[in-house]
Each structure stands twice: as C-alpha cells, then as structure tokens.
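Structural description and commentary
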Amino acid sequence: MNISGCVALVTGGASGLGLATARALQASGATVVIVDRADSPGAEVAAGHDFTFAAADVTDEAQLDAAINVAVGLSNAGSGKSSLSNTGPSNDGFGGFRIAVSCAGIATPGRVLGRNGPLPLATFDEVIRVNLSGTFNLIRLAAAAMQRLNPETANGTLGEERGVIVTTASIAAFDGQIGQAAYAASKAGVAGMTLPIARELARDLIRVVCIAPGLFDTPLLAALPEDARASLGAQVPHPARLGRPAEFAALVEHIVHNPMLNGETIRLDGAIRMGPR
C-alpha cells in the first residue's frame, strides 16, 4: 500500500516508538493523527509536528472511537464527504483512513512473589488491560472504519487492500524476564492474536502485522543511568547498542508498503535473546 495520501492513526504517538512512527509516516505523505492520554504532551507534540492530536485512553471504548472518528473525519474532509457518514463504501480511489499503528503500552514490573507478598491482581490486570485489551480495542475499531473503504486504486485499476494495522508486542513475549510476568503475558497476547485476526480480516482486505521490538532507546529506558543503558545495549549481539525509534518506524513503513506481510510477528531485536534477569 502506498502511504502518500492516506490518513494514519498512531496510538502512543506523543513519544518514543509512536512519535518516530508518526514522523516517518508523515514524511512519506500521510496525514497523521496521534493518540495519547489527555495528560500526555500530545497537544504540544502535535502542534510542533503538524499532526492532529486526539486525546484518548486506548482502554476506553468511547474515547478511542472518538479518536478513530477524527481520523475518518480528516479522510472525508479531503474527499468532500461528510465526516458523519458511517455506512457504505467511501473514499473512491486512494486515500482515506487506511493505516493504524498501536504503540501505546505500559511496562509495570513486579515479581509474582515480592517483598510485600503476592503481586496485586489489580497490577497484573492493568497491564493486560492497557497492552492487550487496548491493542484489541484499536484493531476492532480501526478495522470497522477501514471496512467501509473501497480498496485502494492505482492507475485506475482496483487495488487489493483497504487498510493495514500494525501492533507492537515485545521480545518479552518470548523471552520474558523475572518480574515481567504481566508485561510478558500482555505482549504474548498481542503476538498470539495477530494470526487469527489477520485471517479473519483477510476477507475485508485488511492486513494485520505485529512487531516485537527488543531493547530500544525510548522514554521507558531514558530514566536509567547512562552506564545501565550502555550495559543493556552491549547485550545486543549486533548492532551492540539500543535500537533507535527510527528503525522501528522504518519497519512500520515497510510493512505498509509490502502486501505480502500479513499475520506475522516480526522480531526487531539485533538477535538478542534475553536471560532470566
């Protein structure tokens, strides 16, 4: 799928992998909507990059639906259609809300049996709710909006795609460390639902692909001392450093461009396999 002319929505778009992805998609010609919590710097980031900001908690059905409608509204505004039209095929030809990327997530650590007793169930549930349920919430709402589009066209020929949804898991889905039970479970869920959802949405010409990044230089690691960050980077076989958010964004771009990438979880990790600690 060609990115230029599309509307793209990126959750977690105010920082880290999400912001890098939003910038890359915009540079490739997309109109970008970033979604982040109301207390995030999303409005300021959007103003500084010519994005549209939609404040939403990905676990909130109504808030995320409203954010999706912002993307649909931008699409319809460009085609001269009403933003309130939610039935029937729309956006003849190319363009429209065709790209959704899920980067929102949390990584609350905690041992099953810690110094203060068992891990609170509420802590485990929150990580699952944000990382797994929040990702599914985006997939279902984005797919419902993309389903109403006509397949993209190229040179007057009917195309083979309506949209692409990219989700974010983690190498913790496969190499979870001690203290990552909740995080690893949530990301394994994201990876695990990729194939069945891609198979289902194939009938609607919508692809679903998951990226499992390794150690990346994001705000999650920014709070660590520099020597700790360097030590983490040195654990990566090659290149022996933390991943750059722009490298994650480049893979998102390739996924959108390459129609044969579907139903797969792609490790982006420099060949690292995490130890137990």
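Placed above this text is the structure.
Residues numbered from 1 in each chain as written. Predicted model: local features only at pLDDT ≥ 70, side-chain atom pairs only at ≥ 80, totals over all residues. Heavy atoms only, no water.

1. Observations concerning the layout of surface pockets
By volume, the second largest pocket amounts to about 190 Å³. Elements represented by at least two residues in the lining of the second largest pocket include exactly helix H4 (121-146) and helix H7 (194-201). Of the residues assigned to the lining of the second largest pocket, the class counts are seven nonpolar, one polar and four charged. (1 Å grid on protein atoms, 1.4 Å probe; cavity = no way out; pocket = protein on both sides within 12 Å on 5 of 7 lines; lining within 4 Å. Points joined across faces, edges and corners; volume = space filled by probe spheres on them. Helix = DSSP H or I, 4+ residues; strand = E, 2+ residues; numbered from the N terminus. Nonpolar A, V, L, I, M, F, W, Y, C, P; charged D, E, K, R; others polar.)

2. Here's the deal with the nonpolar core
The biggest cluster of nonpolar side chains holds 29 residues, and the ones touching the most others in it are Leu 25, Phe 51, Ile 99, Val 101 and Ile 255. For this core, the secondary-structure elements that each account for two or more residues are strand E1 (6-11), helix H1 (16-27), strand E2 (31-36), helix H2 (42-49), strand E4 (96-102), strand E9 (163-168), strand E10 (206-213) and helix H10 (245-257). With five residues, H10 is the single largest residue contributor to this core. Beyond its immediate sequence surroundings of up to four residues, Val 101 is in contact with Leu 9, Val 10, Thr 11, Thr 21, Leu 25, Leu 138, Val 166 and Val 252. Of all hydrophobic cores here, the second largest spans 28 residues; its members include Ala 54, Ala 142, Met 146 and Ile 165. (Core = buried A, V, L, I, M, F, W, Y, C linked by side-chain atoms within 4.5 Å. Buried < 20%, exposed > 50% of the residue type's maximum accessible area, 1.4 Å probe, protein only. Contact = heavy atoms within 4.5 Å.)

3. A look at the packing of helix H6 (residues 181-192) against H7
As a packed pair, H6 and H7 sit with axes 5 Å apart at the nearest point and diverge in direction by 30 degrees. In this view, H6 runs roughly parallel relative to H7, as classed from their interaxial angle. Contacts between H6 and H7 involve Val 190, Ala 191 and Gly 192 from the first element and Thr 194, Leu 195 and Pro 196 from the second. Taken together, the residues of the contact of H6 with H7 break down into four nonpolar, two polar and no charged. (Axes fitted to C-alpha atoms, helices over the stretch in contact; angles between N-to-C directions. Parallel < 35°, antiparallel > 145°, perpendicular 65-115°, else oblique.)

4. Topic: the sheet that holds E10
Read from one edge to the other, the open sheet built from seven strands follows the order E3-E2-E1-E4-E9-E10-E11, with strand pairing classed as parallel. Edge positions in the open sheet fall to strand E3 (52-55) and strand E11 (265-268), since each of these has one partner strand only. Across the sheet, the mean angle separating the axes of adjacent strands is 20 degrees when strand polarity is ignored. Alignment of E10 against E11, held across four bridges, turns out to be parallel. In the strand pairing of E11, Ala 212 is matched with Arg 267. (Pairing = 2+ DSSP bridges.)

5. Observations concerning the environment of Gly 134
With respect to the helices, strands and loops of the structure, Gly 134 is situated in helix H4. Here Gly 134 falls in the buried class, since its relative accessible area comes to 3%. Each C-alpha atom, one on Gly 134 and one on Ala 104, is 8.0 Å from the other, the two residues being 30 residues apart in sequence.

6. Quick notes on the pattern of salt bridges
All told, the structure shown has 13 salt bridges when counted by the stated rule. Between Glu 61 and Arg 140 there is a salt bridge, and its shortest N-O distance comes to 3.0 Å. Pair noted here: Glu 61 is in helix H3 (residues 61-79) and Arg 140 is in helix H4, with a separation of 79 residues, a long-range link. A salt bridge links Arg 267 to Asp 175, with the shortest nitrogen-to-oxygen separation between them at 2.8 Å. Within this pair, whereas Arg 267 is found in strand E11, its partner Asp 175 is found in helix H5 (residues 172-175), the two being separated by 92 residues in sequence. Judged by relative accessible area, Arg 267 falls into the partly exposed class, the value being 25%. (Salt bridge = Lys/Arg side-chain N within 4 Å of Asp/Glu carboxyl O.)

7. Regarding the environment of Ile 128
Assignment of secondary structure puts Ile 128 in helix H4. With 110 residues separating them along the chain, Ile 128 and Gly 18 place their C-alpha atoms 19 Å apart. If sequence neighbours within four positions are ignored, Ile 128 has contacts with Ser 133, Ala 182, Ala 185 and Ser 186.

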